[in-house]
Amino acid sequence: MNRIIAYIRRKLSVRVSLRVVVSAAILFVAALGIMFYQAREAVSQEAISRATQILDKTSLRVDSILNRVEVASDMTKWLVERHTNQADSMFVYSRSMLENNPDFYNCSVAFEPYYFEEKGRYFSAYTKHVGDSIRTIQGGSDSYQYFFADWYLMPKLLDRPCWTEPYFDLDVATNTSEMVTSYCQTVKDRQGRMIGVINTSLSINWLSKTISAVKPYPHSYSIMIGRGGTYFVHPDTTKITRQTIFTQTLEQPDTAMTALGYAMQRGEEGVKQMYINGKDSYVFYKPLGRTGCSMAIVCPESDIFRSFDRLQNTIMGIVAVGLLLMLYFFIRIITFELDPLRRLATEAETIASGQFDAELPDFQRVDEIGQLSHSFGNMQQSLVKYIDELKKTTAQKATIESDLRIASKIQLGMLPEKFPTRADRDDVQLFASLTPAKEVGGDLFDFYFRDEKLFFCIGDVSGKGVPASLFMAVTRSTFRTVSAHESMPDRIVTIMNKTIADMNKNHMFVTLFVGVLDLPTGRLHYCNAGHDAPLLIGAGIGELPCDSNIPVGFMPQWKFSLQEAQIFIGTTIFLFTDGLTEAMNANKAQFQMERVNEVAARALDNQQHEPRQLIEQMTDAVHQFVGDAEQSDDLTMMAIQYIWQNNDARMRKSITLPNDIQEVPQLNAFVEEACQTVGLDEIDTMKIKVAVEEAVVNVMKYAYPSGERGDITIEAASNDVRLKFTIIDSGKPFDPTVQSAVDTSLSAQERKIGGLGIHIMRQNMDSINYERSDNRNVLTLRKKLNKKN
Amino acid sequence: MKKMFILLAVMIAMSHAVTAQDETIVFTPQWTAQAQFTGYYVAEAMGFYREAGVDVRIEHPSPTQPAMSRLRNNQCQATTLQLCQAMEIIDGGILLVNILQTSMNNAMVIVSARDQDPLTQKGARVGIWSVGFGQLAICMSIKEHLDYEWVRFAHNVNLFVAGALDATLAMSYNEYYQLVQAGIKMTDKNVYRFCDHGYNVQEDGVYMTREYYSEHKDQARRFAEASKRGWEWAVEHPDEALDIVMKYVDMNNIATNRVMQQLMLQEVLRLQVDRESKQREFRLRPDMVQEASRLMVENKMLSREVTYEELIEN
Amino acid sequence: MKTTIQEQDGKMVAILAGSLDTAAAPETEKAMSPLNDVEGKDIIIDCTELEYISSAGLRIFLGILQNVEEKGGHVYIKGINENVRTIFTITGFSNIFKFM
């Protein structure tokens, strides 16, 4: 079955043909149904009129005979009533009745008991055919008391002429009986008293035969019942006079039969459809004159509709065969018509497999299939052209992708790759990661150490891809350039902003966080240009408060604000771009700040908030969250942990001098003593002495306006790894570290007198750091100690 | 115990068979062959009479020879009569003996043709048998002042159906079902049952002239016993009994049918069960005899009271 | 700090002894000012006894050098010890002065 359905689904021709044929079949069935229904009605009407005709004819015949009986009876009555006193003349009247009407069965003129006193209780002039002769006798006896008979009582009680129910008239002499019906009417005397009854009987054998013979259809039959429902004619002769039409209904209730019985008893005429003896039948019935009898013709439907049913079967057969033939031809025709389509499908398959130059069949047709073939040809050509273009484009794209990969390498190469750890430094450790969403990205971070300061920045350029990456490169190099001689983040950002804005034609911008961490003090100066506020992870977790500055790149005149904060030892500054908080999973849900905080809190709880650990945990958390979803934005994180170990265990001394250069020798003595304390050799001592002197002299010259008095404190401190001098004054801000370096390769004439001091300081010391805090200038000079010291 | 009784009965029957050999009892039922007489047909067909050592021949009455006239003329030795009929005959001077009483209830009804309570049809034309049943109906109509115009008939169905009668008397086992078969609808309203209105007088019984009986007591008893056995067998085997009835019906060419006879048999058997004892008693009830006698004397149908003792064997 | 200027073999010789720190620089500059007036003679700065020099001292040296070279003379530095020479090297002065 399933195979057949599958076949029909696959074959358009079969499907279309089936649909057409099924539709046609429905139309045929509907049309034939109506036709058959009407034809059946017509046949039924035909049967009814045929039966009605027969019934009418029979009824008419009965009527004509009944009429004769009635007229003859009336004549006799007229005679009898004129001679009611002559008993013997009654024999004459009775006899003449039969003489004049040989087809009558008998005739009696019967009188009330003792009407003729001389005749006794019974007097009835009774005439009957006996063979060919007519016999007239005196009827009535103790054994035949006629006045209790139906024929006598009925006209008497009803007081009108009437026909009796058929009955068997027993001829005692011959012991033969005949079924008769009698017309009876009363005889009255001149006073109107009823004195007797004239009874004229008619054999109804002829009637029974006539009715039995009525056979309009091979299996039809006729019945006749009397007023009491008794069968007088029935094909089953055992029922005649013994059963009534109701007898069987007493055993098996049959409402249709009961209704028929009542209708016939009431003398109605009509037709009923009912189930008789296991057959659907039509029953046509009609009363027979005034006898009170009713006849019915029972016609099985199968008889009535025999020829009709045969015709119907023939037509159905022809239609069925016709539909099957139609189905066959349709399938053949449609298959033939669709053949080009099949070939086209084969060719299309070939093209689909990649052979674009396959030749299409030319059908030379202008119908829909021709159009389809034509369109297909066009499609093929377009396809070939398109594939060529695609090849070229793909090649170009490959080149671009290759370029992009190189650009990506270059860009990542710009970023610092080596991150200081606890092994490298005793004051700070740092880690950062940048994962671009595309080959090249717009995120940036950078850091470097200058003197005792960590300069760092993180930024996010608006947009993505190549434009963003170029802008990022510019931003990063600008940061390096500007921060080389600017120590304050607000200044750095302000200058970067002006520089970048001036050359920014494409209205791009970059959010930027620039920080400068003073490593000796843990003092953080920072400026935030529209970037996400960093997290501080230490005693707890909190955001670094940030002013709402605009991003860098579009308002050259903007003055960025400076903020500062104290970073405590052990605290990690966690910086990131919005690629972290806005990392999206497949459901377009974002990672969000809550999760960042959670990861940070967990890391802090586990004391795993060192930069590399923290960023690795954060990266893992993001990967887990994002799952297989495509990275939507560049993701950059940078963590800086301040780990200053202030253990100047070896030496700590200080001296405070007034701002007089005459105090220099004391200074030098102090420095020399310090150097010797930590065991420095002469050359190093010399270098340090020169450097510290330059620094202090600078303060004396520039921090205090001429004539103003002020103190300068010089602290010397040392641990195992370095010697440190800190020069503190409360003069006006002066940062010697931002003085540009001297060019030591110039000739004597070209050399300037100034600028040597800072140069010497840088050359002689390992690091110099300037810090302005609490309205004091704090300059720190460091010298590493060799192991041997 | 029962077996022994049968054995005993057979032995007695054989011992008497010799003496009564030549004496055939001709039994003429009151009416043509029908289920009303099932017990006797069964007894004959099943050989109960022969077994009882009594020679019985059933001969039905003819229009020229009704049962009673046959009895009078000694053409038959036994017949069935209704109790009221028997009392009339005894009152008329012919002494009868009831040798077997089958009916324990009255079967007479009045059926109205107008779908009315017959008791409301004052002055109505009511059919009554020309052969003299219906004494109780006349008593009732007098007592109830119904003023019925009695129409004596040979057959009532056709007259009734033709509308010539307002109502008719009928036996619940016979005419009643003939009317039903003719399509008359019977309701509680249009049927008056005498037995339900204080006229429950027994009907059919088997009678012999006292003259004959006094000479053939033993034969009469055996005939009665065998007849009773026939009835009891019919109660146990209604279908076979009905088959036997239909044989007699066909033999006598009676215009009836099996359905009709089945209904009649059921009703006749029902009427044989005493209302109070719920038993087939097969006996005359003195109280019913007394009541019937009283009613008929009251209405001048009897010239004197006919007593229970006059009816029974002695 | 002690500064001695003397003529020797037609050359002006300045002998510096002690620490030429910022405090000593004005005095030393003053003491060496006669060298600015010398015409056409080479100048030798004897640093054998010079123990220390700061940028203020170097400036004095540069001033003398620029002045002498304008007049076509030469400045030679003599007897400089390693410590002081380091400062000269760091500052690139070793490139512009001649050592003997």
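Residues numbered from 1 in each chain as written. Chains lettered and ligands numbered in written order. Predicted model: local features only at pLDDT ≥ 70, side-chain atom pairs only at ≥ 80, totals over all residues. Heavy atoms only, no water.

K.L.:
Give a detailed account of the domain arrangement of chain B, specifying residues and quantitative values.
P.N.:
Note: interface size is frequently given as the accessible area lost on complex formation between the parts. Residues and elements named next belong to chain B. Taken domain by domain, chain B comprises domain 1 (2–105 + 202–311) and domain 2 (108–197). When each unit is reduced to the centre of its C-alpha atoms, the spacing between domain 1 and domain 2 is 26 Å. With 22 residues of domain 1 in contact, the opposing surface of domain 2 contributes 18 residues. At the boundary of domain 1 with domain 2, total buried surface from both sides reaches about 1,900 Å², with 60% on carbon and sulfur atoms. Our count for the domain 1 to domain 2 interface comes out at one salt bridge. For the pair domain 1 and domain 2, the number of links is six residue pairs in polar contact (both at pLDDT 80 or more). Of all elements in the fold, only helix H5 (83–91), helix H12 (258–271) and helix H13 (286–298) reach the threshold of two or more residues within the side of domain 1 that touches domain 2. When residues in the side of domain 1 that touches domain 2 are grouped by element, the largest group, six residues, is from H12. (Domains from an automatic or database assignment. Contact = heavy atoms within 4.5 Å. Buried area = accessible area lost by both parts, 1.4 Å probe. Salt bridge = Lys/Arg side-chain N within 4 Å of Asp/Glu carboxyl O. Polar contact = N/O pair within 3.5 Å; in protein donor to acceptor, adjacent residues only side chain to side chain. Helix = DSSP H or I, 4+ residues; strand = E, 2+ residues; numbered from the N terminus.)

K.L.:
Kindly report on the pattern of salt bridges, identifying the contributing residues and their values.
P.N.:
Scanning the entire structure with this criterion turns up 45 salt bridges over all chains. Note that arginine 290 of chain A is salt-bridged to glutamate 70 of chain A, the shortest N-O span being 2.8 Å. Of this pair, arginine 290 of chain A sits in the loop between strand E11 (279–288) and strand E12 (293–300) while glutamate 70 of chain A sits in helix H2 (residues 12–82), and the two are 220 residues apart along the sequence. For aspartate 218 of chain B, the salt bridge identified is with arginine 222 of chain B, shortest N-O distance 2.2 Å. Of this pair, aspartate 218 of chain B and arginine 222 of chain B are both found in helix H10 (residues 217–236), four residues apart, which corresponds to roughly one turn of the helix. The partly exposed category is assigned to aspartate 218 of chain B, whose relative accessible area is 29%. Look at arginine 222 of chain B and you get buried, because its relative accessible area is 9%. (Buried < 20%, exposed > 50% of the residue type's maximum accessible area, 1.4 Å probe, protein only.)

K.L.:
For the interface of chain A and chain C, give the residues involved together with the corresponding values.
P.N.:
Between chain A and chain C, the residue contacts involve 29 residues of the former and 26 residues of the latter. Both sides together, the interface formed by chain A and chain C hides about 2,300 Å², and carbon and sulfur atoms give 60% of it. At the junction of chain A and chain C, the tally comes to zero salt bridges. On the surface where chain A and chain C come into contact, there are eight residue pairs in polar contact (both at pLDDT 80 or more). The set of elements that each furnish at least two residues to the side of chain A that touches chain C consists of helix H16 (664–677), helix H17 (682–703) and helix H18 (756–764) of chain A.

K.L.:
How would you sum up the packing of aromatic side chains? Please name residues and give values.
P.N.:
Both the distance between ring centres and the angle between the ring planes are used here to describe each pair of aromatic rings. Counted under the stated rule, the structure contains 52 aromatic pairs over all chains. Here the aromatic rings of phenylalanine 27 of chain B and phenylalanine 223 of chain B are separated by 5.6 Å at their centres, their planes lie at 55°, and the arrangement is tilted. One end of the pair, phenylalanine 27 of chain B, is in strand E1 (residues 24–28); the other, phenylalanine 223 of chain B, is in helix H10, and 196 residues separate them in sequence. Phenylalanine 223 of chain B shares its class with phenylalanine 27 of chain B; the two are buried. Relative to tryptophan 231 of chain B, the ring of tyrosine 40 of chain B lies with its centre 5.7 Å away and its plane at 85°, an arrangement referred to as edge-to-face. Highlighted residues: tyrosine 40 of chain B in helix H2 (residues 38–45) and tryptophan 231 of chain B in helix H10, separated in sequence by 191 residues. Chaining the aromatic ring pairs together yields one cluster made of Tyr122, Tyr146, Phe147, Phe148, Trp151 and Tyr152 of chain A. Cation over ring: arginine 40 of chain A sits above phenylalanine 305 of chain A, and NZ or CZ is 3.9 Å from the ring centre. (Phe/Tyr/Trp six-rings, centres within 6.5 Å; stacked < 30°, edge-to-face > 60°. Lys NZ or Arg CZ within 6 Å of the ring centre and 35° of its normal.)

K.L.:
Can you lay out the sheet that holds strand E4 (residues 96–101) of chain B for me, pointing to particular residues and giving the numbers?
P.N.:
Residues and elements named next belong to chain B. With mixed pairing, five strands are arranged side by side in an open sheet as E2-E1-E3-E10-E4. Each edge of the open sheet carries a strand with a single partner, namely strand E2 (55–58) and E4. On average, each strand axis in the sheet is inclined to that of its neighbour by 30°, with strand direction left out of account. Of the pairings in the sheet, the one linking strand E3 (residues 78–81) to strand E10 (residues 205–209) comprises three bridges and is antiparallel in character. Across the sheet, the residue bridging to leucine 81 is glycine 205, located in E10. Most of the contacts of H2 go to E2, to which it runs at about 130°, and overall it touches E1, E2, E3, E4 and E10. The strands that H10 touches are E1, E2, E3, E4 and E10; relative to E4, the one it contacts most, it runs at about 30°. (Pairing = 2+ DSSP bridges. Axes fitted to C-alpha atoms, helices over the stretch in contact; angles between N-to-C directions.)

K.L.:
Which residues make up the domain arrangement of chain A, and what are the values?
P.N.:
With domains assigned, chain A is organised as domain 1 (83–203), domain 2 (415–642) and domain 3 (651–784). For domain 1 of chain A and domain 3 of chain A, the distance between their C-alpha centres works out to 178 Å.

K.L.:
So, the side chain of threonine 478 of chain A: which residues are in play, and what are the values?
P.N.:
Residues and elements named next belong to chain A. Along the polypeptide, threonine 478 turns up in helix H11 (residues 465–483). Here threonine 478 falls in the buried class, since its relative accessible area comes to 8%. Non-local contacts of threonine 478, meaning those with residues more than four positions away in its chain, are made with Met496, Thr499 and Ile500.

K.L.:
So, H16 of chain A: which residues are in play, and what are the values?
P.N.:
In this model H16 of chain A runs 20 Å from its N-terminal to its C-terminal C-alpha over 14 residues, within 8% of the 20 Å that 1.5 Å per residue would give. For H16 of chain A, the secondary structure elements touched by its buried residues are strand E23 (651–658), H17, strand E24 (711–718) and strand E25 (722–729) of chain A together with strand E3 (43–53) of chain C. (Expected span 1.5 Å × (residues − 1).)

K.L.:
I'd love a proper account of the interface of chain A and chain B, names of residues and values included.
P.N.:
Contacts between the two partners involve 21 residues from chain A, matched on the other side by 30 residues from chain B. Buried surface at the junction of chain A and chain B, summed over both partners, amounts to about 2,300 Å²; 61% is from carbon and sulfur atoms. Taken together, the connections running from chain A to chain B amount to one salt bridge. At the level of secondary structure, the elements contributing two or more residues to the side of chain A that touches chain B comprise helix H4 (150–158), helix H6 (247–251) and helix H7 (255–265) of chain A. The element that contributes the greatest number of residues to the side of chain A that touches chain B is H4 of chain A, accounting for six residues. Per-class residue counts for the side of chain A that touches chain B are eight nonpolar, seven polar and six charged. (Nonpolar A, V, L, I, M, F, W, Y, C, P; charged D, E, K, R; others polar.)

K.L.:
Explain the nonpolar core to me, and be specific about the residues and the numbers.
P.N.:
Residues Tyr40, Leu83, Ile99, Leu169, Phe194, Met208 and Phe223 of chain B are the most contacted members of the largest nonpolar core, which totals 113 residues. No other element matches H12 of chain B, which puts eight residues into this core. Apart from residues no more than four positions distant in its own chain, phenylalanine 194 of chain B is found in contact with Asn106, Met108, Val109, Ile110, Leu136, Ala137, Met140, Leu169, Tyr199 and Asn200 of chain B. One finds Met508, Val514, Leu535 and Met618 of chain A within the second-largest nonpolar core, a separate group that totals 74 residues. (Core = buried A, V, L, I, M, F, W, Y, C linked by side-chain atoms within 4.5 Å.)

K.L.:
Got a sec to walk through the packing of H2 of chain B against H10 of chain B? Specific residues and values, please.
P.N.:
All names here are of chain B. In contact at an axis separation of 7 Å, H2 and H10 are set at 105° when each is read in the N-to-C sense. With respect to each other, H2 and H10 are oriented roughly perpendicular. Facing Thr38, Gly39, Tyr40, Val42 and Ala43 of H2, the residues of H10 in contact are Ala226, Ser227, Gly230, Trp231, Trp233 and Ala234. (Parallel < 35°, antiparallel > 145°, perpendicular 65-115°, else oblique.)

K.L.:
Tell me about the arrangement of the chains, and please be specific about residues and values.
P.N.:
Inter-chain contacts occur across two pairs of chains; the most extensive set of contacts lies between chains A and C. Spatially, chain B is disjoint from chain C: no contact exists, and the shortest C-alpha separation is 151 Å.

K.L.:
Give me the lowdown on a nonpolar patch on the surface, citing residues and values where you can.
P.N.:
A surface patch of nonpolar side chains, amounting to about 500 Å² of accessible area, comprises Val321, Leu325, Tyr328, Phe329 and Ile333 of chain A. Along the chain, valine 321 of chain A turns up in helix H9 (residues 306–352). (Patch = residues over 30% accessible without salt bridge, like charges linked within 9 Å, V, L, I, M, F, W, Y side chains within 5 Å. Areas by Shrake-Rupley, 256 points an atom, 1.4 Å probe, with all protein chains shown as cover.)

K.L.:
Now, about the sheet that holds strand E6 (residues 125–129) of chain B: what can you tell me, with residues and values included?
P.N.:
Residues and elements named next belong to chain B. With mixed pairing, the five strands of this open sheet are ordered in space as E7-E6-E8-E5-E9. Strands with a single pairing partner mark the edges of an open sheet, and in this sheet they are strand E7 (149–153) and strand E9 (191–193). The average angle at which neighbouring strand axes cross in this sheet is 30°, direction not considered. Judged from the five bridges that link them, strand E5 (residues 108–112) and strand E8 (residues 167–171) form a sheet pairing that is antiparallel. Note that in E8 the partner of serine 112 across the bridge is alanine 167.

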